[in-house]
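A structural walkthrough
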Amino acid sequence: DTEVTQTPKHLVMGMTNKKSLKCEQHMGHRAMYWYKQKAKKPPELMFVYSYEKLSINESVPSRFSPECPNSSLLNLHLHALQPEDSALYLCASRQTGDTEAFFGQGTRLTVV
Amino acid sequence: GNSVTQMEGPVTLSEEAFLTINCTYTATGYPSLFWYVQYPGEGLQLLLKATKADDKGSNKGFEATYRKETTSFHLEKGSVQVSDSAVYFCALSAPSGGYQKVTFGTGTKLQVIP
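Source: prediction; values computed, not measured. (Residues numbered from 1 in each chain as written. Chains lettered and ligands numbered in written order. Predicted model: local features only at pLDDT ≥ 70, side-chain atom pairs only at ≥ 80, totals over all residues. Heavy atoms only, no water.)

1. So, the packing of aromatic side chains
For the record, the criterion: Aromatic pairing here means that ring centres of Phe, Tyr or Trp (its six-membered ring) are within 6.5 Å. Orientation follows from the plane angle: under 30 degrees is stacked, over 60 is edge-to-face, and everything else is tilted. In this text, helices come from DSSP runs of H or I with a minimum length of four residues, and strands from runs of E with a minimum of two, each type numbered from the N-terminal end.
Tallied over the full model, the rule gives 11 aromatic pairs over all chains. A ring pair is formed by Tyr25(B) and Tyr66(B), whose centres lie 6.0 Å apart and whose planes are at 80 degrees; its orientation type is edge-to-face. Remark: Tyr66(B) occurs in the loop between strand S8 (62-65) and strand S9 (75-77) and Tyr25(B) occurs in strand S4 (residues 23-26); sequence separation between them is 41 residues. One aromatic cluster in this structure is built from Tyr33(A), Tyr35(A), Phe103(A), Phe34(B), Tyr36(B), Phe89(B) and Phe104(B).

2. Thoughts on the sheet that holds S8(B)
Residues and elements named next belong to chain B. Note the cut-off: When DSSP finds two or more bridges between a pair of strands, those strands are recorded as paired. Helix axes are fitted to C-alpha atoms over the stretch in contact, other axes to C-alpha atoms as well, and angles between N-to-C directions run from 0 to 180 degrees.
Strands sit in the order S3-S9-S8-S7 across an open sheet of four strands; the sheet is antiparallel. Looking along the sheet, the strands with just one partner apiece sit at the ends: strand S3 (19-21) and strand S7 (56-59). Neighbour-to-neighbour, the strand axes of this sheet turn through a mean angle of 15 degrees, independent of strand direction. Relative to S8, S7 runs antiparallel, the two sharing four bridges. Within the sheet, the bridge partner assigned to Lys 56 lies in S8 and is Thr 65.

3. Concerning the pairing of strand S2 (residues 10-13) of chain A
Residue and element names in this part refer to chain A. The line we're drawing: Only protein chains enter the area calculation, which uses a 1.4 Å probe; residues under 20% of their type maximum are buried, those over 50% are exposed, and those in between are partly exposed.
Alternating residues of S2 divide into Leu 11 and Met 13, all buried, and His 10 and Val 12, none buried. Of the strand pairs in this sheet, S2 and strand S11 (residues 107-111) are connected by four bridges, and their pairing is parallel. The residue of S11 that forms the bridge with Val 12 is Thr 110.

4. Details of the side chain of Asp85(A)
Residue and element names in this part refer to chain A. Inclusion rule: The definition of a polar contact used here is a pair of N or O atoms within 3.5 Å, where within protein one atom must be able to donate a hydrogen and the other to accept one, and adjacent residues in sequence count solely through side-chain atom pairs. Contacts are assigned to residue pairs that have any heavy atoms within 4.5 Å of one another.
Residue position: Asp 85 is located in the loop between strand S8 (73-79) and strand S9 (87-94). In terms of polar contacts, Asp 85 uses its side chain to reach the backbone amide nitrogen of Gln 82, at 2.8 Å. Once residues within four sequence positions are removed from consideration, Asp 85 is found in contact with Lys 36, Arg 63, Phe 64, Leu 109 and Val 111.

5. Some thoughts on the interface of chain A and chain B
We apply this condition: A pairing counts as a salt bridge when a side-chain nitrogen of Lys or Arg comes within 4 Å of a carboxyl oxygen of Asp or Glu.
Between chain A and chain B, the contact holds 22 residues from the first and 19 residues from the second. Residue Glu100(A) pairs with Lys49(B) through a salt bridge whose shortest N-O separation is 2.7 Å. Inspection of the chain A/chain B interface yields five residue pairs in polar contact (both at pLDDT 80 or more). Listed by contribution, the elements that provide at least two residues to the side of chain A that touches chain B are strand S4 (31-37), strand S5 (44-50), S9 and strand S10 (101-103) of chain A.

6. Quick word on the pattern of salt bridges
All names here are of chain A. Tallied over the entire structure, the rule returns eight salt bridges over all chains. Note that Glu 24 and Lys 22 form a salt bridge whose closest N and O atoms lie 3.8 Å from each other. Of the residues examined, Glu 24 reaches a relative accessible area of 27% and is grouped as partly exposed. In this structure Lys 22 comes out as partly exposed when scored by relative accessible area, which is 36%.

Okay, structure coming up:
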């Protein structure tokens, strides 16, 4: 299994809603990442988890709350988002000692 | 800090034409270099990689050589197909603050017409 699986594929939410994005990998990777990608732009790093601990937060607003319940699963909890948060949210994972990151297919988020 | 510069797009080619997408980088130390491809509405797929100078990465007819003397990692393909239409991102990975940080170029959109 060499896949990073993200669900849902598409999500539409109101500004007062609470929702969660899910990312799963079964490759034994111990580093997991959340990226945000706006249209026609490269991905921007949001969070890095290493061995289930948050190691990097790239000054992301608190309305985005990451969680890593175990080594295979990464969540991104969303609350009180703004329309400008609409984007493709990508999860990635990497094996410790490797430089190559594997990306999921992303969740296309629309905030209305 | 590290940076990646790749040619502006979009690039429009006819089927079977030769493709070159230029990529240069700035980094301290010895980064690993990658090309990722993103098809419309999808995530990023690793296309090829090179981890040290003079390495050549290749996959699906695409090639790129890690040139340390010119700090470049240009992507080439001898004969493009319509199915190659996508956005191509050059990227480098290097240690930063205890983790591997990936720095992406701005992406180059390739459109191949029949």
